[in-house]
Every structure is written in structure tokens, then in C-alpha cells.
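Structure at a glance
So you can see what is in the structure, the chains are spelled out below.
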Amino acid sequence: MITLVTGASGYIGTHVVANLLSKGMEVRATVRDLSDPERVAHLKSLKVAEGGKLEIIEMDVLDADSVEDGVKGCCNIIHTAAVLTFGGRITDPQKEVVNPSVIGTKNILDAIDKTGNVECLVHTSSVAAVRPQNWKNDEILDESSWADDAKIKTDAYSLAKYSSERLVRDWFETKSNKKFRMITINPCVVLGPILSKRHLKTSPSIVKMLINNEIPFTIPIDISVVDVRDVAEAHVRSLTFGENAGRYLLASGNMWLGEIAKEIKNDYPKLKIPTIQLPYLISLVASIFNSKITFSWARKNLGKRLIWDSSSAENDLEMDWISPRNSIMDTVKTIIDNDWVEGS
């Protein structure tokens, strides 16, 4: 049985491929450009257990014919392909963020219908599809919550994740084949070992920012963490475990950015890590002059903590989480060991 993994060169996708291969499974991994060593080399270096096999193909999720060719002959699909940027400049959020998620997902669904060989779809969503725009400090959210108030001008990423997950669920409800299996996985901020330098452009960039001393101080922002290895494991377990049409939030715990900085400094005292945290009001004012965050975002998020209820994943998928601290330190270790620090 072949499992197709879309977005295989990405941070989550690579770990999903690694997990499947370690279990001796046959994997068809999709990348945007086979000629790009940054997208392919780290996949080719993954260990393959007995019985496992890796096939890497080029696929454009925005091209329906390309997607259909990739889906043919596959029994399972783990659809991780999406756009995630931290601090990058987005000039056209519809084209650069929403369309790759929504159109790409629709092409996957259409290909499943046309080929008729797929039995299970695991779709990578996000807690961004769960979190409403307005929430209270220390509020607890579970899988019943939806980000149905997300707007493209203020939160294109949440809109993309909400729209694509809704698309999957609406499509699933119309399927006549009741044996077909569909599950969505909704992780929070993903950290842990990095298998390619290109992954530093995604969620591990938070840790890289601290290591490279890109900011002179921290701000009072709370970060919900889940380990990338747990995220991969949850995807793979969902092929056979969990409730059909299940929606699983993944979170191991929360840490303030200042706490993360101090933990890194304790283990790596020679690094110039910013350990001074600005008070809330000063941070709010500073956001006005920061190109990476907006004042409205700062007002909604600074000094507040949101709790994700991941008990369904713990119960149904039997997940046992790697601690946030271990995830952070493994992220740091990867960056240090590979000399992926500023100027390297």
C-alpha cells in the first residue's frame, strides 16, 4: 500500500515521511521541484526500514492534472502541503497564502474522487482553524471551536486553514462510501529536530530568532508548543487509529517567550540570548514600529494565554507528548550542530 505525502519537503511533511519509512511503509513523497537539492536531498538521506520504499515525485498542488497523476495508485494520502511564513512579507495574501491551501486541497479531493483508489485521507490543518479572532485570557479551546470569523486582511493564514479544513469536511459528508476514512490534525506551534535548513523559515524561526539575537529583548507572548515528531506520529496513527472524521488538536504545553529564552540561555550560556522582557504597555507601543507584527495583533495576543485541549488525541490516538522544553532544546541543538546560526 502506497501512502502519498504532499508537501514532503516541508518541516512536518519530512518528519511524516521519516516516520512512515521507519515503520517499513511505502511512501510517495511530493515536492515542487525535483531539481532543487534543498527540497530533495534531506528526503533521500532518510533511513528506510525493512519493507519500506521511498519514491519522490514532482507535483504542483495547484495543477489538477499533476495532482491526479500523483494520487493514482495510492491507498492513503497525508496532505501536509500548505504555505507557512514567519515574518515573511506577503504582498497578495489571497494568491500567496489562501489559494495554495484551498485550491490545492480541492485538487486533492477531486483526484481522490476521479481515481477511486484512495481509502484514507489525513489532512494537516492547524489550531489557526480552531481559534476565533477574539478570545479570553486562559480560555480553553477544543475541537468544537472554529475560526469562522477569520478575514483575509487581518489573518490570511487562519482563513486559509479554516477554509481548507471546512472544504475537506463538507466534501467528506457527501461521500457515499462510508468506509472511506478522513481525519484532520490541528497542531499548534511545531518545534523539534530540524532535518533541513529550509525548515528554519517556518515555526523553528522563533528559536532561530533568539539564538541569532535578532531582537534585543522579548515580549510577553505565550507560545503553545508541540513536537514535530509527535505531529508526525499523530498523522501516521490516524491512518488506522482514531474516530473517523475526527479532529485532533495537538499541544504539549505552553511557555512564554521569555521563559524559552531563559531556558536556552541556561543550557547555552555563551549564546547572546535576549532575556529581558519588555512590560506589556511598552511592548504594545513597540509593535507600532515593528514590521513583523501589527498593533491590532499585539493588542489581541500580548500578555494573554490560550490553552488547547488535546485530550481527544491523547485518548483516541494514545498520544504521549514530548515536553515543550525538550522540543525547544532539540530545535536549538539541531541549529547549533549544523552551524545554522547567523553568518554561517
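Above this text you will find the structure in question.
As a starting point, this report considers the structure included with it. (Residues numbered from 1 in each chain as written. Predicted model: local features only at pLDDT ≥ 70, side-chain atom pairs only at ≥ 80, totals over all residues. Heavy atoms only, no water.)

Some details on the packing of aromatic side chains
By the definition in use, this model includes two aromatic pairs. Aromatic pair Trp146 and Tyr162: ring centres 5.8 Å apart, planes at 80°, arrangement edge-to-face. Of the two residues, Trp146 is situated in the loop between strand 6 (139-141) and helix 5 (156-173) and Tyr162 in helix 5; the sequence distance between them amounts to 16 residues. With relative accessibility at 18%, the residue Trp146 sits in the buried group. Centre to centre, the rings of Trp171 and Phe180 are 5.5 Å apart; their planes meet at 85°, and the pair counts as edge-to-face. On the basis of relative accessible area, Trp171 is assigned to the buried category, the value being 10%. Assessed through its relative accessible area of 2%, Phe180 is described here as buried. Positioned over the ring face of Trp146 is Arg166, at 4.4 Å from the centre of the ring. Looking at Lys175, its charged tip hangs above the ring of Phe180, at a distance of 5.0 Å from the centre. (Phe/Tyr/Trp six-rings, centres within 6.5 Å; stacked < 30°, edge-to-face > 60°. Helix = DSSP H or I, 4+ residues; strand = E, 2+ residues; numbered from the N terminus. Buried < 20%, exposed > 50% of the residue type's maximum accessible area, 1.4 Å probe, protein only. Lys NZ or Arg CZ within 6 Å of the ring centre and 35° of its normal.)

Description of the layout of surface pockets
Rolled over the atoms, a probe sized like a water molecule indicates the empty space that remains. Taken as a whole, the second largest pocket holds about 190 Å³ of empty space. Contributing to the lining of the second largest pocket are 14 residues, with Met1, Met25, Asn76, Leu239 and Thr240 lying nearest its centre. With three residues, the single largest contributor to the lining of the second largest pocket is helix 7 (residues 228-237). Classifying every residue of the lining of the second largest pocket by side-chain character gives seven nonpolar, two polar and five charged. (1 Å grid on protein atoms, 1.4 Å probe; cavity = no way out; pocket = protein on both sides within 12 Å on 5 of 7 lines; lining within 4 Å. Points joined across faces, edges and corners; volume = space filled by probe spheres on them. Nonpolar A, V, L, I, M, F, W, Y, C, P; charged D, E, K, R; others polar.)

Things to note about empty space enclosed by the protein
In total, this model carries one cavity of 30 Å³ or more according to the counting rule given. One number sums up the size of the largest cavity: a volume of about 40 Å³. In terms of lining, the largest cavity is formed by His79, Ala81, Ala82, Ser101, Thr105, His123, Thr124, Lys161 and Ser164. Sorting the residues of the lining of the largest cavity by element identifies helix 4 (93-115), strand 5 (120-124) and helix 5 as the ones contributing at least two each.

A look at the sheet that holds strand 9 (residues 222-227)
Read across the sheet, three strands follow the order 8-9-11 without closing on themselves; strand pairing throughout is mixed. A single partner strand is all that each edge strand has here, and the edge strands are strand 8 (189-191) and strand 11 (253-256). The mean inter-strand angle of the sheet, taken between neighbouring strand axes irrespective of direction, is 50°. Of the pairings in the sheet, the one linking strand 8 to strand 9 comprises three bridges and is parallel in character. Residue Leu191 lies in a different strand from strand 9, and its bridge partner there is Asp227. Seen against the sheet, helix 7 touches strand 8 and strand 9 and runs at an angle of roughly 55° to strand 9. Sheet strands in contact with helix 12 (residues 324-337) are strand 8, strand 9 and strand 11, and its direction is about 60° off that of strand 11. (Pairing = 2+ DSSP bridges. Axes fitted to C-alpha atoms, helices over the stretch in contact; angles between N-to-C directions. Contact = heavy atoms within 4.5 Å.)

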